[in-house]
Amino acid sequence: MKKGMMTLIIFIIVMFSLFGCSIQDKNHGFNESKTETDELKDKNKIITALNNKHNQYNAYRICEENENAIQQLNLEGKPVHTFEITKGQKDITLLKIAYVTNEEILYILDKDDKFELWTIPLIQNSNKDEVQTEKKKLIFRTIDIIDVLYADTNYIAYKENLNYAEFNRTQQKKILINADSKKSSYCQPNSFNIRVVQSGNINDDGMILLAKNMGKNQYPKNIYVHKVGTEKVDKIVDTYTSKNCIINIVSFNDKIYYTGLIKNWRNEKQSWDIWCYDYKANRNYCVVQEKHIKDMVSFSRINALFINGNKIWVEIENEKCKFLYYPIVAGKNQQESTIEKATKLNQYIRSLKNRSMDITVLNINNNKCIIMESSASNFRFYCYDIKNEKECWKFDEDSTKNREYL
């Protein structure tokens, strides 16, 4: 998939989580008094394809016209300012925006095939960021490019070649995780499909999900939770991992819900029981057993978990019934709870598949479902209102200059 398209998908998920389609009032009902212009403005907050990272005030991307500059946008995607970062410096490439908070922009430079993580401080004025480029500074260098998972004023959590590492900004050094077992190391494998419901899919509580490295030519094992800065890890559950098997995880309100565990590495058979781990209570329990889901409908695997209000939505591999949902009852095994089919949404998705088989659900939240339809020539995006059981809007990726909405 094109790099620009991946940026578009990520931003749609982020902005969707932040604004919940932004065509709701505070009581999550449609505000009938909104003008067409207001609705178009709100939709642009969701479908804007012009950034990679954001905070609550602005969005940031590498400038398309000048790859040595960072471009600041408002949350509707309109460019506000452009800031030169590597002007006049040879053999230096601005690779990506790594992380953005209300306090700073973290970005990565490629300098003679070595990678550098830099910071630019931010301050807020009149509900927008002021970018203090004159105060930018180097944080640390790495051999390989990194992905920043979390950052605050004290720590930066990141993965380098999937391996987890942490940097203490006060002591200016890399610190060990689980220091009482120095031979152990941890990673965040690609087989972890992690969603964060709060804060627009951004980790804002410093809880990191990891697996344990098992040595050369072996896949990591188990799921652990680590609070950035504690130097400790706690095991949630035993499981194998595999490049062929995705473990779906969604984090919400101090809890994680997960499914797809592998108990036997020889056959890689996955269990589709859905489990919950409560961070605060340090409790792990099964909320719905696989057999109870299959009592409702047959399926070969679970493709994703979503949190929508007080319900868990389960995307399964089934042509006619793609989604089920059930209520979240805190602390209880929900074997006896009512599992329901999302009948209207399933019908809507089937209608889209009648036209194109390449349909992907990107997110479900705030009673809205974002769907991508892809073809050889373009991408089309849909927003479906779950509560009112109708399509909100759609747009084509190749017509951003002349968008048409329902």
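A. Expanded view of the overall build of the protein. A count of helices and strands for the protein gives 4 helices and 32 strands. Across the 406 residues in the protein, those meeting the buried criterion constitute 50%. For the protein, long-range pairs separated by at least 24 residues make up 42% of all intrachain contacts whose partners lie at least 6 apart in sequence.

B. A look at the nonpolar core. Within the largest apolar cluster, 28 residues are counted, with the highest numbers of intra-cluster contacts made by Leu 106, Leu 117, Phe 140, Val 148, Ile 156 and Tyr 164. Breaking this core down by element, the ones donating at least two residues are strand 5 (92–100), strand 6 (104–111), strand 7 (114–124), strand 9 (137–142), strand 10 (146–151), strand 11 (155–160), strand 12 (163–168) and strand 16 (207–212). No other element matches the 5 residues that strand 10 contributes to this core. Apart from residues no more than four positions distant in its own chain, Leu 106 is found in contact with Ile 97, Ala 98, Tyr 99, Leu 117, Trp 118, Thr 119, Ile 139, Val 148, Ala 151, Ile 156 and Arg 169.

C. Inspection of unusual backbone geometry at higher detail. Of note, Asn 161 is a non-glycine position whose phi angle comes to about 55°, a positive value. Examined against the element boundaries, Asn 161 turns out to sit in the loop between strand 11 and strand 12. At Asn 366, a residue that is not glycine, the phi angle is positive and equals roughly 50°. Relative to the assigned elements, Asn 366 resides in the loop between strand 29 (359–365) and strand 30 (368–374).

D. The arrangement of the sheet that holds strand 29 in detail. Across the sheet, which stays open at both edges, the 4 strands sit in the order 29-30-31-32 with antiparallel pairing between neighbours. In this open sheet, the two strands that pair with only one neighbour each are strand 29 and strand 32 (390–396). Here the average twist between neighbouring strands, direction ignored, is 20°. As paired elements, strand 31 (residues 379–385) and strand 32 share 6 bridges and run antiparallel to each other. Bridge assignment links Arg 380 to a residue of strand 32, and that residue is Asp 396.

E. Representation of the sheet that holds strand 27 (residues 323–327) within the structure. The strand order 25-26-27-28 describes an open sheet built from 4 strands, whose pairing is antiparallel. Two strands lie at the open edges of the sheet, namely strand 25 (302–308) and strand 28 (340–341), each paired on one side alone. Relative to strand 26 (residues 311–316), strand 25 is paired through 6 bridges, and the arrangement is antiparallel. Bridge assignment links Ala 304 to a residue of strand 26, and that residue is Glu 315.

F. Region of the structure containing the confidence of the model for the protein. Mean pLDDT over the protein stands at 83; residues scoring 70 or higher make up 80%. Predicted confidence in the protein is weakest over helix 1 (residues 3–19), with a mean pLDDT of 47, and strongest over strand 8 (residues 129–131), with 97. A low-confidence stretch, residues 399–406 (pLDDT under 50), is modelled with 16 contacts involving residues beyond four sequence positions or located in other chains.

G. Spotlight on empty space enclosed by the protein. This model, assessed by the stated rule, comprises 3 cavities of 30 Å³ or more. Here the second largest cavity is characterised by a volume of approximately 50 Å³. Lining the second largest cavity are Asn 318, Glu 319, Lys 320, Cys 321, Lys 322, Asn 346, Ile 349, Arg 350 and Lys 353.

H. Representation of the pattern of salt bridges. Here the structure, examined in full by the defined rule, presents 11 salt bridges. Residue Lys 368 pairs with Asp 385 through a salt bridge whose shortest N-O separation is 3.7 Å. Of this pair, Lys 368 sits in strand 30 while Asp 385 sits in strand 31; the two residues are 17 residues apart in sequence, bridging distant segments of the chain. Relative accessible area serves as the criterion here: at 1%, Lys 368 is assigned to the buried category. Residue Asp 385 is classed as buried on the basis of its relative accessible area of 0%.

I. Main features of the pairing of strand 10. Taken across its 6 residues, strand 10 has 5 buried, putting it largely inside the fold. Where strand 10 lies against strand 11, 5 bridges are found, and the strand directions are antiparallel. Bridging across to strand 11, Ile 146 finds its partner in Glu 160.

J. Here's a closer look at the environment of Lys 291. By secondary structure assignment, the location of Lys 291 is in helix 3 (residues 290–296). Judged by relative accessible area, Lys 291 falls into the exposed class, the value being 53%. With 18 residues separating them along the chain, Lys 291 and Asp 273 place their C-alpha atoms 8.0 Å apart.

K. Expanded view of the packing of aromatic side chains. Scanning all chains against the criterion turns up 10 aromatic pairs. Seen from their ring centres, Trp 313 and Tyr 325 are 4.7 Å apart, and the 20° between their planes marks the pair as stacked. Of this pair, Trp 313 sits in strand 26 while Tyr 325 sits in strand 27, and the two are 12 residues apart along the sequence. By relative accessible area, which is 4% here, Trp 313 ends up buried. By relative accessible area, which is 16% here, Tyr 325 ends up buried.

Quick notes on the rules
- Residues numbered from 1 in each chain as written.
- Predicted model: local features only at pLDDT ≥ 70, side-chain atom pairs only at ≥ 80, totals over all residues.
- Heavy atoms only, no water.
- Helix = DSSP H or I, 4+ residues; strand = E, 2+ residues; numbered from the N terminus.
- Buried < 20%, exposed > 50% of the residue type's maximum accessible area, 1.4 Å probe, protein only.
- Contact = heavy atoms within 4.5 Å.
- Core = buried A, V, L, I, M, F, W, Y, C linked by side-chain atoms within 4.5 Å.
- Pairing = 2+ DSSP bridges.
- Axes fitted to C-alpha atoms, helices over the stretch in contact; angles between N-to-C directions.
- pLDDT = per-residue confidence, 0-100.
- 1 Å grid on protein atoms, 1.4 Å probe; cavity = no way out; pocket = protein on both sides within 12 Å on 5 of 7 lines; lining within 4 Å.
- Points joined across faces, edges and corners; volume = space filled by probe spheres on them.
- Salt bridge = Lys/Arg side-chain N within 4 Å of Asp/Glu carboxyl O.
- Phe/Tyr/Trp six-rings, centres within 6.5 Å; stacked < 30°, edge-to-face > 60°.

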